[in-house]
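Take a look at the letters that make up each chain.
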Amino acid sequence: MAPNIKIALDDLTVNNLGVLRRINSVVLPTSYSDSWYKDSLSVGELAKLAYFNDIPVGAIRCSLETPPSHKDQTRIYIMTLAVLSPYRGYGIGRKLVDHILEQAKKMFVKEVYCHVWVENDDALTWYQHIGFEKGELVTGYYKKMTPAGDAYILRKAIE
């Protein structure tokens, strides 16, 4: 990485919530409700914005999934991960995911997972490159897409 490049993460706040909305609308093939964005303010360290030399260029938003029974493990679900295309390849997505993996360790969570659209070869390859394993296919997962889009589940075990 060039020495004049600074990548930083910042908390999601009422004042920068619109940045998350804008990044998601530019990068992701689906949209999210106002209540989803409002709820994003309550997940603490599981939502971050990424800055490239003080310019907001990426974001991650996750949720902590605690099963109703104690038979299953609590997991972190990556709901959205988005980096503006001109800023890909600088380690921004990796920094966002690494932050979530560190949070998982702090919370004693044993798995982080996400859904990736089957047509998104770049994301599928990238997640596998950083240690996620491709799992089952979920037919019709992206219901708001026309036609409905299928997704793979990708998982990473936390040690």
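Below or above, wherever it landed, is the structure these notes cover.

Thresholds applied
- Residues numbered from 1 in each chain as written.
- Predicted model: local features only at pLDDT ≥ 70, side-chain atom pairs only at ≥ 80, totals over all residues.
- Heavy atoms only, no water.
- Helix = DSSP H or I, 4+ residues; strand = E, 2+ residues; numbered from the N terminus.
- Contact = heavy atoms within 4.5 Å.
- Areas by Shrake-Rupley, 256 points an atom, 1.4 Å probe, with all protein chains shown as cover.
- Lys, Arg positive; Asp, Glu negative; His and termini not counted.
- Charge placed at Lys NZ, Arg CZ, Asp CG, Glu CD.
- Phe/Tyr/Trp six-rings, centres within 6.5 Å; stacked < 30°, edge-to-face > 60°.
- Buried < 20%, exposed > 50% of the residue type's maximum accessible area, 1.4 Å probe, protein only.
- Lys NZ or Arg CZ within 6 Å of the ring centre and 35° of its normal.
- Core = buried A, V, L, I, M, F, W, Y, C linked by side-chain atoms within 4.5 Å.
- Pairing = 2+ DSSP bridges.
- Axes fitted to C-alpha atoms, helices over the stretch in contact; angles between N-to-C directions.

Quick word on the overall build of the chain
And step 1. For the chain, the helix and strand inventory stands at 4 helices and 7 strands.
And step 2. For the chain, the N- to C-terminal ordering of α and β elements is β-α-α-β-β-β-α-β-α-β-β.
And step 3. Over its C-alpha atoms, taken along the principal directions, the chain stretches across nearly 45 × 40 × 35 Å.
And step 4. Across the chain, contacts joining residues at least 24 apart in sequence account for 60% of those joining residues at least 6 apart.
And step 5. Surface summary for the chain: the accessible area is close to 9,200 Å², and the carbon and sulfur share equals 51%.
And step 6. For the chain, the distance from the average site of its 19 positive side-chain charges to the average site of its 18 negative ones is 3 Å.

Points about the packing of aromatic side chains
And step 1. One pass over the structure, following the stated rule, counts 8 aromatic pairs.
And step 2. Here the aromatic rings of Trp 36 and Tyr 37 are separated by 4.8 Å at their centres, their planes lie at 85 degrees, and the arrangement is edge-to-face.
And step 3. Overall, the relative accessible area of 9% leaves Trp 36 in the buried class.
And step 4. Ring pairs connect the aromatic residues Tyr 32, Trp 36 and Tyr 37, which therefore count as one cluster.
And step 5. Cation over ring: Arg 75 sits above Tyr 113, and NZ or CZ is 3.9 Å from the ring centre.
And step 6. Looking at Lys 134, its charged tip hangs above the ring of Tyr 152, at a distance of 4.3 Å from the centre.

Some details on the nonpolar core
And step 1. Residues Ile 60, Ile 76, Ile 78, Ile 92, Val 112, Tyr 127 and Phe 132 are the most contacted members of the largest nonpolar core, which totals 30 residues.
And step 2. Considering every element that reaches this core, the biggest residue donor is helix α3 (residues 92-106), with 6 residues.
And step 3. Non-local contacts of Phe 132, meaning those with residues more than four positions away in its chain, are made with Ile 78, Val 97, Val 112, Tyr 113, Tyr 127, Leu 154, Arg 155 and Lys 156.

Some thoughts on the sheet that holds strand β7 (residues 149-157)
And step 1. The sheet built from 7 strands is open, its strands ordered β1-β2-β3-β4-β5-β7-β6 with mixed pairing. Since the sheet does not close on itself, it has two edges, and those belong to β1 (7-11) and β6 (133-142), each with one partner. Between one strand and the next, the sheet's axes are offset by a mean angle of 30 degrees, whatever the strand orientation.
And step 2. Pairing of β6 with β7, which is carried by 5 bridges, proceeds in the antiparallel orientation. Paired with Val 138 across the strands is Ala 151, a residue of β7.
And step 3. Taken strand by strand, helix α1 (residues 17-27) contacts β2 (47-52), β3 (55-65) and β4 (75-83), and its axis lies near 95 degrees from that of β3.
And step 4. Each of β1, β2, β3, β4, β5 (111-117) and β7 touches α3; the most contacted strand, β4, lies at about 165 degrees to it.

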